[in-house]
Amino acid sequence: MSEVLRSDVLVIGGGLMGTTTALFLRRRHGLSVRLLERELIGRQASGTNFGNVRRQGRALEQIPLANRARAVWGRVNELLGEDLEFVPYGHLRVCYTDQQAARLEQHVREVQPLGLDLQMFSAAALRERWGIFSDAVVAGSLSPLDGHANPRLAGPAFARAAQRAGAHIHEHSEVAQVEREGGEFVAHTVDGRRYRAAQLLVTTGAWSARFAQAFGEPVPLDARGPQMGVTEPLPYAIGPSIGVSTPIETEGLYFRQIARGNIVFGGGLKGPALCDPVRSQVLPDNTLRQMRELRRFVPAFENVQLIRVWSGIEGYTGDAVPVLGPSVRVPGLHYAFGFNGEGFAISPGVGEVMAELLATGRTSTPIEAFSIGRFAAARQDQAITT
Ligand SMILES: Cc1cc2nc3c(=O)[nH]c(=O)nc-3n(C[C@H](O)[C@H](O)[C@H](O)COP(=O)(O)OP(=O)(O)OC[C@H]3O[C@@H](n4cnc5c(N)ncnc54)[C@H](O)[C@@H]3O)c2cc1C
């Protein structure tokens, strides 16, 4: 039998949640850490996403975590010694109806006490500031310090920094099962290697439900594929990341322009995603719809050519709330998964929080709303009422 490799903490899954936690565990807390990734670091949702670093529009419980993440984004190049192309040019949400404008205004009021300052814009003020919007746009709210970054660069850069800080990163290491032995965790990879630690963190994205289930904590988690596209380059003119705020799913759309001029976009209906085999699909009708919606709110995109489309595999929880924090059943076990299409922005905050929790048993950022225990509590309530 192969030798067992030991560490204080074992992380399963090398997306952004795993790599950021590994970095902060080493840098801030000095714990030994091994991270096991099935294939290549950052290849799944963490590397295929849109790259929005957005705080507005989130559930209020997520704002403190998002603020914490934004603080890391602000110094991310210095932290990693690499450029993740993070640009703090703002995040703008626009809308098509007065009713939706009232919702935006309410959100502005709600997040202000939580430390997020947004600015409302009338249709005229929007057009004066950016000059790109059609008459269909009636209002918008700007989060001036948010922005966007390049997801393709992020996961590998965090992993390299974690490695330089002393973390062991094991690619091509798929965990087949985890056993409890003498109060510790022993992970077995499909190629027969064994890893042992007193603490375990599950950050396997859309693939996480089976680990939670194995530890007696079932979670409703669906895999779905947000739909992405990129156009040919246009003259660079648009700084903020921009999205339509609408309750109508088929109107949903967001885009950003990168320095080279291309417009990266996504939004609206999600496509099918299969965890096994690892495949997600772009729906051609949805791409055509996205192109129509792009033109609807920015007429200058009328003749722009599409050059590439893609999707990725993201985990969506039954209640659209992430799972973050300690297990309520197994001492030493922690989870960070189910980010419902908005985990990229908060990933460095998740990494700081999880590292703090694993090292000290507590965190200064409120995360109680994300406890995995809520699913067991809901099942119990249901059992009582039926
Ligand atoms: C197309 C798309 C667009 C998105 N746009 C945005 C956006 O603009 N802004 C935003 O904030 N969020 C966005 N998201 C969501 C964001 O990308 C995710 O929430 C985030 O990247 C999740 O990170 P993760 O580390 O939890 O998961 P992942 O990046 O999926 O990482 C999980 C890792 O676990 C590994 N793994 C799985 N099973 C095993 C196993 N048995 N053993 C070892 N390793 C295993 C996988 O190979 C994978 O690398 C988008 C997602 C997608 C797909």
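In case you missed it, the structure is sitting above this.
Predicted, not measured: the structure shown is a model, and the values here were computed from it.

Conventions and cut-offs
- Residues numbered from 1 in each chain as written.
- Predicted model: local features only at pLDDT ≥ 70, side-chain atom pairs only at ≥ 80, totals over all residues.
- Near = placed C-beta within 6 Å.
- Helix = DSSP H or I, 4+ residues; strand = E, 2+ residues; numbered from the N terminus.
- Nonpolar A, V, L, I, M, F, W, Y, C, P; charged D, E, K, R; others polar.
- Domains from an automatic or database assignment.
- Pairing = 2+ DSSP bridges.
- Axes fitted to C-alpha atoms, helices over the stretch in contact; angles between N-to-C directions.
- Parallel < 35°, antiparallel > 145°, perpendicular 65-115°, else oblique.
- Left-handed = near helix turned anticlockwise from the far one by under 90°.
- Contact = placed C-beta atoms within 7 Å.
- Core = buried A, V, L, I, M, F, W, Y, C linked by C-beta atoms within 7 Å.
- Buried ≥ 20, exposed ≤ 12 C-beta atoms within 10 Å, placed from the backbone.

Near the ligand, the surroundings consist of 40 residues, among which Gly13, Gly15, Gly205, Gly312 and Gly343 are the closest. Residue assignment for the shell around the ligand shows that the elements contributing at least two residues are helix H1 (16-29), helix H2 (45-48) and helix H10 (343-360). When the residues that make up the shell around the ligand are grouped by side-chain class, the tally is 15 nonpolar, 18 polar and 7 charged. Here the shell around the ligand spans two domains, and each of domain 1 (4-48 + 152-221 + 318-385) and domain 2 (91-144 + 227-311) adds at least three residues to it.

Moving on: the sheet that holds strand E12 (residues 221-225). Within the open sheet, the 4 strands sit side by side as E18-E17-E12-E20. Their pairing is antiparallel. Across the chains shown, the open sheet's two edge strands, defined by having one partner strand only, are strand E18 (279-280) and strand E20 (314-317). Of the pairings in the sheet, the one linking E12 to E20 comprises 4 bridges and is antiparallel in character. When the bridges of E20 are listed, Ala223 appears paired with Gly315.

Let us now look at the packing of H1 against helix H7 (residues 151-164). Contact geometry of H1 with H7 gives a least axis separation of 8 Å together with a crossing angle of 25°. Viewed along their axes, H1 and H7 adopt a mutual orientation that is roughly parallel. Like other packed secondary-structure pairs, H1 and H7 cross with a definite hand, here left-handed. Listed contacts from H7 to Leu16, Thr19, Thr20, Ala22, Leu23 and Arg26 of H1 are Ala154, Gly155, Phe158, Ala159, Ala161 and Ala162. In the contact of H1 with H7, the residues fall into 8 nonpolar, 3 polar and 1 charged.

Take the packing of H1 against H10 next. Between H1 and H10, the least distance of the axes is 7 Å, while the angle of their chain directions is 45°. Here H1 is positioned oblique relative to H10, judged by the angle of their axes. Crossing hand, H1 versus H10: right-handed. Seen from H1, the contacting residues are Leu16, Met17, Thr20, Thr21, Leu23, Phe24, Leu25, Arg28 and His29; seen from H10, they are Gly343, Phe344, Ser347, Pro348, Val350, Gly351, Glu352, Met354, Ala355, Leu358 and Ala359.

Time to look at the nonpolar core. Residues Val9, Leu10 and Val94 are the most contacted members of the largest nonpolar core, which totals 99 residues. Sort the elements by how many residues they give to this core and H10 lands first, with 9 residues. A domain split of this core shows at least three residues from each of domain 1 (4-48 + 152-221 + 318-385) and domain 2 (91-144 + 227-311).

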